[in-house]
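# A look at the structure
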Amino acid sequence: MVKIKFLQGYNGDCTLISYRNSENSIKNILIDGGTGSTYSRRRKAGDLKKEILKLKDQNQVIDLLIITHIDDDHIGGILKMFEDKKFDKSLVKKVWFNSGKLIAEHFGDEGDYHERDIKLDIFKGLNTSVKQGVRLDSFLSSLGCWDYRIIKKGLVEEIESCKITVLSPDNEGLKNLHDKWERESPDSLETSAGKTDYHLSINELIETHDTFEEDESIPNGSSIAFLFEKDDKKILFLGDSYPSVIKKSLQDLGYSSDRKLELDLFKVSHHASRKNTDNELLEMIDCDTYVTLTNSLKHGLPDKLTYARIIKNNPNSTLIFNYNIVSKVFSQQDLDLGEHEAIYLNKEAIILD
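Cut-offs and rules
Residues numbered from 1 in each chain as written. Predicted model: local features only at pLDDT ≥ 70, side-chain atom pairs only at ≥ 80, totals over all residues. Heavy atoms only, no water. Core = buried A, V, L, I, M, F, W, Y, C linked by side-chain atoms within 4.5 Å. Buried < 20%, exposed > 50% of the residue type's maximum accessible area, 1.4 Å probe, protein only. Helix = DSSP H or I, 4+ residues; strand = E, 2+ residues; numbered from the N terminus. Contact = heavy atoms within 4.5 Å. Salt bridge = Lys/Arg side-chain N within 4 Å of Asp/Glu carboxyl O. 1 Å grid on protein atoms, 1.4 Å probe; cavity = no way out; pocket = protein on both sides within 12 Å on 5 of 7 lines; lining within 4 Å. Points joined across faces, edges and corners; volume = space filled by probe spheres on them. Nonpolar A, V, L, I, M, F, W, Y, C, P; charged D, E, K, R; others polar.

We now examine the nonpolar core. Soluble globular proteins tend to bury their nonpolar side chains together. Of all hydrophobic cores here, the largest spans 36 residues; its most connected members are Leu 65, Phe 82, Val 92, Val 95, Phe 97 and Leu 136. When residues of this core are traced back to their parent elements, those giving at least two are α1 (47-57), β6 (64-67), α2 (72-83), β7 (95-97), α3 (100-106), β8 (119-123), α4 (136-143) and α5 (171-179). The element that contributes the greatest number of residues to this core is α2, accounting for 5 residues. Those residues in contact with Phe 82 that sit more than four places away from it in its chain are Leu 65, Phe 87, Lys 89, Val 92, Leu 120, Ile 122, Leu 136, Phe 139, Leu 140 and Leu 143. Counting 35 residues, the second largest nonpolar core, distinct from the first, contains Tyr 255, Phe 266, Leu 305 and Tyr 323.

Right under this line is the structure:
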């Protein structure tokens, strides 16, 4: 059994995978932490903090924490978790994180990159209100849990009876971030959602509006994406990755439109942006269930065009959302078209038996 909880991370990603290893012990992999509010907001626990408290109560740990990239809607909740003086930091046993310093070292650059530091405000002790600023990479090193190496395409890791095949980033994506460091800063939940394509029908999008331009966000090009395998279950976790990089990685593994990768679950890249899922990638995939993570309050995401492409490739697809945005994105006409369906998880876990 594999249990996946797609936590409510506001406009960001936060996912908890749980499964039993060969010794029947429960293992947990946490992918990203959403925005800071995913951990807590105005002294109220968010989904991430609630799950962490449950793990501690059940004498479980985070066996692997994967920070896919540096944008706030993926790393913000993790930073807030580490800043919480009541958080038991020994719960985190291993971390994958491509920091600015690590990327610089990867390219043999010994320069001083303090402007790339991601800072934490850490309490000096449990009985003090005094904080000190520390670098995230230094903090992880001090905990002894950081797997200090570049996580990139080609890495295959056996972790507690599961297999992780890293598909992104490639070397070019890491080099682009090294050459031009960018990071999306924490944003307000009141920010305008931006322009959407929700007024267009699925048929209109497929027939007259399907043009593709790939994402050019430099941090997104550095995003960790991977294939998770446990027994006969396969799940694609794409972070905010570029489709061109994922396609090339799948081709290198022998997959194509004629030899499709069979999946139980597909976590759609970059909150279902039209720039991160193209028809060629979908044609390489045989999957019925597609998951989108966003509250739809930022950047005009998700794009309905992404779902039009999914439905075109698989008319029987099930589209799953971690926020109740189905009626916002789809008209009744869209929902009545064909055999596909759109479902709000309502904080329920997905269980693959």
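Using the criterion set out here, one finds 27 salt bridges in the structure. Salt-bridge contacts for Asp 197 lead to Arg 274; the nearest nitrogen and oxygen are separated by 2.8 Å. Taken together, the residues Asp 197 in the loop between α5 and α6 (202-208) and Arg 274 in the loop between β15 (265-267) and α9 (279-283) connect sequence positions 77 residues apart. Among the residues examined, Asp 197 registers a relative accessible area of 4% and is labelled buried.

Glancing now at the layout of surface pockets. Estimated volume of the largest pocket: approximately 410 Å³. Around the largest pocket, the lining is made up of 25 residues, and of these Ser 273, Lys 275, His 299, Leu 301 and Asp 303 lie nearest the centre. By residue class, the composition of the lining of the largest pocket is 4 nonpolar, 9 polar and 12 charged.

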